[in-house]
Amino acid sequence: MILDVKNVTQSFDGQQIIQKINLQVAKGEIVSLLGVSGSGKTTLFNVIAGLNQPASGDVLLAGTSILNQPGQVSYMLQKDLLMPYRTVLDNVILPLLITGTSKKLARKQALPFFEEFGLTGYAKSYPDELSGGMRQRAALLRTYLFHKPVALLDEPFSALDAITKRALHRWYLEIMGKIHLSTLLITHDIDEALVLSNRIYVLAQKPSIIVDEINIPEALHQQPEFELSDEFLQLKRRIITDLNI
Amino acid sequence: MLKKLQSINIKLLPVYVVLLTILVWYVVTATGLIPRFFLPTPGDVVQAFKDDFTFLLQNAWVTLTEAFWGLLLGVVLGVSIAIVMERFELLYRAVYPLLVLSQTIPTYAIAPILILWFGYGMLPKILLIIVTTFFPVAVEMLTGLRSADQDLIKLMKTMGSNRLQILWYVKLPASLEHFFASLRISVSYSIIGAVIAEWVGGEAGLGVYMTRVMKVYAYDKMFAVIVLISFVSLLLILIVDGLQRLTMPWKRGSHK
Ligand SMILES: Nc1ncnc2c1ncn2[C@@H]1O[C@H](COP(=O)(O)OP(=O)(O)OP(=O)(O)O)[C@@H](O)[C@H]1O
Ligand SMILES: [Mg+2]
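Please read these numbers as outputs of a predicted model, since none were measured by experiment.

Asker: Outline the site of ligand 1, listing residues and values.
Answerer: Residue and element names in this part refer to chain A. Looking at ligand 1, there are 13 residues lining it, with S37, K41, T42, T43 and Q78 nearest. With respect to ligand 1, the side chain of T43 contributes an N or O atom lying 2.5 Å from an oxygen atom. Out of a free accessible area of 640 Å², ligand 1 has 61% covered by protein chains. The element best represented in the shell around ligand 1 is helix α1 (residues 41-48), accounting for 3 residues. Of the residues contributing to the shell around ligand 1, the split by class is 3 nonpolar, 8 polar and 2 charged.

Written as structure tokens, this is what we have:
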């Protein structure tokens, strides 16, 4: 297991938000964390990212604890957070600059990825000039360039319209097939979780616990029109029951 | 097309106002409605400007030098104070109210004291300009630094960045607009400060020139120097605007 979240409990102002969360991400795996708004998904991410100390529990990265240690995992926050005052290129190289790479070298390292991330020709543009989908791809590239063993993505596609979202899902799966980034992804979109993940953890109840863990065999993803299949609907029904909605 | 024409006209409106003012000025003075020794004609002023051109420029150079150093040091001081106060909350609470209170002292009123202490040279002028310019810069910069997006700071932290990197990549860019707003104010303050300090006592500069021509009731020269000072201030503000456009290219629209 590259990422191992062990019994993490977090409370704010004496109120428990998440309770005894256990989850794992294996190398190269895309794992989704599914839960309704306010269920504490971002809260858990902040603990994994070392921004907040949990009330109890531990987070292991490749076997060693990373509690309270920011900078160990790549984290894409719920907003794209592109700096309006930096060009797209200078935005995506930010993690490289922070970790001490020179600007010149960082730019050289980042540019070859622009085609893959659908940003060709926009290196010198400012984020204002990008469409919603492009902004998300730029934010993803920035996250990827942090080069950490695990990426946390907090609702990376939720701000997009349905059509753009679908296109981006395809693109995402394709690129993941190439870069094999171990990913923990937050979503509250059941279809998205099913389409993108190898595994899904369902978060529910108050305080939130993991109520279900769903494996999606690779064979299902390979199946043409998986999204329209009976298996897909069955899994969807199971999740809806889990969430009690 | 009509809309475009209108927008050009609106942009030119201030120019029309200036031209109209000069016209009225010319009419009331040339017709003798206002006596010439009281208010010189535009032509007189231009002539006075021509006559004393080199001398005026020499004095302007002195005033500009004082303004430059005072402004530079005032801005550096203001920015530094803002950064330190933003970093240390306790210091902010202790010093900020005093800083605001200190601004109720009319800073120009301390010019005579500075002249008494530091003589007729450039030093007291530069000091006065520092005292008058650092404050708007400090206050605006502080507002700017504190306006930085907390989520951006969070993002920076997830990348493992230190305080200095957060300052450089997030907080300073967040305060650029505030900085230039305060710089525009401080630039005018610096010229006014230099001139006022020169009135109180000095060997050269536009303020000294003003007091000299005033003593001999040379109104045309008075007006010439006032026009020059306004012109210089305007030029400096345009330079600040240009600087702002250079440092904030993302505000200029499409770049592809
Ligand atoms: N720093 C904090 N202090 C106090 N309460 C907090 C804090 N952070 C989060 N909470 C509370 O914890 C709960 C879970 O918030 P969280 O942001 O983790 O939810 P989420 O699952 O990410 O929701 P969404 O899908 O809307 O992003 C919310 O009720 C929120 O008000
Ligand atoms: Mg959230």
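Asker: With reference to specific residues and values, describe the sheet that holds strand β4 (residues 56-61) of chain A.
Answerer: Residues and elements named next belong to chain A. If you walk across this open sheet you meet the 4 strands as β2-β1-β4-β5, and the pairing is antiparallel. Each having just a single partner strand, β2 (15-25) and β5 (64-65) make up the two edges of the open sheet. Two strands pair when backbone bridges link them, and β4 and β5 are joined in this way by 2 bridges, in the antiparallel orientation. In the sheet register, L61 faces β5, and the bridge partner there is T64. Its contacts with the sheet place α1 against β1 (3-12), β2 and β4, and it is angled at close to 120° to β1.

Asker: Please provide a residue-by-residue account of the interface of chain B and chain A, values included.
Answerer: In this complex, chain B contributes 21 residues to the contact, which on the side of chain A involves 26 residues. Between chain B and chain A we count 1 salt bridge in total. Taken together, the connections running from chain B to chain A amount to 5 residue pairs in polar contact (both at pLDDT 80 or more). Those elements that place two or more of their residues in the side of chain B that touches chain A are α7 (150-158) and α8 (163-200) of chain B. Sort the elements by how many residues they give to the side of chain B that touches chain A and α7 of chain B lands first, with 7 residues.

Conventions and cut-offs
- Residues numbered from 1 in each chain as written.
- Chains lettered and ligands numbered in written order.
- Predicted model: local features only at pLDDT ≥ 70, side-chain atom pairs only at ≥ 80, totals over all residues.
- Heavy atoms only, no water.
- Near = heavy atom within 4 Å.
- Polar contact = N/O pair within 3.5 Å; in protein donor to acceptor, adjacent residues only side chain to side chain.
- Areas by Shrake-Rupley, 256 points an atom, 1.4 Å probe, with all protein chains shown as cover.
- Helix = DSSP H or I, 4+ residues; strand = E, 2+ residues; numbered from the N terminus.
- Nonpolar A, V, L, I, M, F, W, Y, C, P; charged D, E, K, R; others polar.
- Pairing = 2+ DSSP bridges.
- Contact = heavy atoms within 4.5 Å.
- Axes fitted to C-alpha atoms, helices over the stretch in contact; angles between N-to-C directions.
- Salt bridge = Lys/Arg side-chain N within 4 Å of Asp/Glu carboxyl O.

Without other data, these values stay purely geometric and don't point to any function.
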